[in-house]
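Residue-level structure breakdown
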Amino acid sequence: MGKKVTVVGAGFYGSTTAQRLAEYDVFDEVVLTDIVEGKPEGIALDMNQSRTIEGFETKVVGATTDNDGNGYEKTAGSDVIVITAGLPRKPGMSRMDLLEVNARIVRGVTENLVKHSPNAVIIVVSNPLDEMTALAQLASGFPKNRVLGQAGMLDTARFTNFVAEELQVPVKSVTTLTLGSHGDTMVPVPSQSSVDGKPLAELLPADKVEELVTKTRNGGAEIVALLKTGSAYYAPSAAAARMAKAVAEDSGAVLPVCAWVDGEYGISGVYLGVNAKIGAEGVQQVVETPLTDTELANLKEAAEAVRAKQADVAEL
């Protein structure tokens, strides 16, 4: 205990993330912010009234904020900041369609947050994810290890779920990995995927594996198309909350996240989805995973695609 986490954005994603973090009971305080007056305070009041039922002591605090920086004082001294602020996708939209509007939002909230929490670790979940992570680092001026993005955990979870459903096995028996970007150049890694220790290639034909890879890559769009008025938040919030927990506990857990890559895999100078060791200072180390020649080539292709777009956000 003794830790504080701020979640920016009290929409479905942010509020669900705040709830998960409170129920972990590893923080003294969870602060939930939003620009809609009264919304975060109302959600916080509701969550606090569930404490005796769910058995957690973490206090949830709501804070209405504005573009001038008012309200952010309640976030002061946060150890971890999770930024969910921004517009969600609508049917037919790509993550990149959100670039300009969400860039303004993410830059603004980041600049206001770091005034009050100069030692925090920032976890970005706003889309387009890789670009918004790079922007948050630029806007904060933080060391690159203290700014990371949530993508690989979610994409890996989707890949795992699809494999478990295809083979009709428990999800806990399946291990998968997804690297690269959170978008069209996502790189699911079948060579590092297994079921009860047996390589996935021994259990499914290559064309079926590729079908599951494609399904993973399109997993978010499928949910957006079904919901019609929003995007996924149950699985994404679970991923973001787990990352925040790893930081708070200084656990050293190795998780697939969007992290700054500087030489690993022969790639440098870009935020990219990789396995990384997570602790109190954010990314402690990028952990290189053995890849096939094709998977490595796909990862390098993803890096170059993301690099070009990340260069653009510096001006937004």
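Heads up: the structure comes first, above all this text.
In this report, the structure presented in the accompanying data block is examined. (Residues numbered from 1 in each chain as written. Predicted model: local features only at pLDDT ≥ 70, side-chain atom pairs only at ≥ 80, totals over all residues. Heavy atoms only, no water.)

1. Things to note about the overall build of the protein
The following threshold applies: A run of H or I in DSSP counts as a helix once it spans at least four residues, and a run of E counts as a strand once it spans at least two, with each numbered from the N terminus. Our radius of gyration is a C-alpha quantity, and the globule rule it is checked against amounts to 2.2 Å times the number of residues to the power 0.38. Between buried and exposed lies partly exposed: a residue is buried under 20% and exposed over 50% of the maximum accessible area for its type, with that area taken using a 1.4 Å probe on protein chains only. By the convention used here, residues are in contact when the closest approach between their heavy atoms is within 4.5 Å. Accessible areas in this description were obtained via Shrake-Rupley with a 1.4 Å probe; residue shielding takes into account the shown protein chains only.
If you tally the helices and strands in the protein, you get eleven helices and 14 strands. A compact globule built from 316 residues would reach a C-alpha radius of gyration of about 20 Å, and the protein, at 19 Å, matches this within 12%. Principal-axis analysis of the C-alpha atoms gives the protein an extent of 55 × 45 × 40 Å. Counting over 316 residues, the protein shows a buried share of 53%. Across the protein, the fraction of contacts at a sequence separation of at least 24, relative to all contacts at a separation of at least 6, is 69%. In the structure as shown, the protein presents an accessible area of about 13,700 Å², 50% of it carried by carbon and sulfur atoms.

2. Observations regarding the pairing of strand 12 (residues 253-262)
Using the following cut-off: Pairing between strands is defined by DSSP: at least two bridges between the two strands are required.
The pairing of strand 12 with strand 13 (residues 268-279) spans ten bridges and is antiparallel. What sits directly across from Leu255, in strand 13, is Ala276. Hairpin remark: strand 12 followed by strand 13, antiparallel, with five residues in the connecting loop; positive phi at Gly263, about 115°.

3. Looking at the sheet that holds strand 10 (residues 194-195)
Read across the open sheet, the three strands follow the order 7-10-11; overall the sheet is antiparallel. Each of the sheet's edge strands pairs with one partner strand only, and the pair in question is strand 7 (174-175) and strand 11 (198-199). When strand 10 meets strand 11, the two strands line up antiparallel, connected through two bridges. Counted as the bridge partner of Ser194 is Pro199 from strand 11.

4. So, the pattern of salt bridges
Selection criterion: Definition used for salt bridges: Asp or Glu carboxyl oxygen within 4 Å of a side-chain nitrogen of Lys or Arg.
One pass over the structure, following the stated rule, counts eight salt bridges. Across the salt bridge formed by Lys245 and Glu249, the nearest N and O atoms sit 3.3 Å from each other. Overall, the relative accessible area of 19% leaves Lys245 in the buried class. You can call Glu249 partly exposed: its relative accessible area is 41%. The residue Glu304 makes a salt bridge to Arg307 at a minimum N-O spacing of 3.0 Å. Of this pair, Glu304 and Arg307 both sit in helix 11 (residues 293-313), three residues apart, which is roughly one turn of the helix. Take Glu304: its relative accessible area is 46%, and that puts it in the partly exposed class. Ionic contacts of the salt-bridge type, sharing partners, join the residues Glu166, Lys208 and Glu211 into one network.

5. Regarding the pairing of strand 13
Taken across its twelve residues, strand 13 has nine buried, putting it largely inside the fold. Bridge analysis of strand 13 against strand 14 (residues 282-287) gives five bridges, and the strand direction is antiparallel. When the bridges of strand 14 are listed, Ile278 appears paired with Val283. Hairpin connection from strand 13 to strand 14: two residues lie between these consecutive antiparallel strands.

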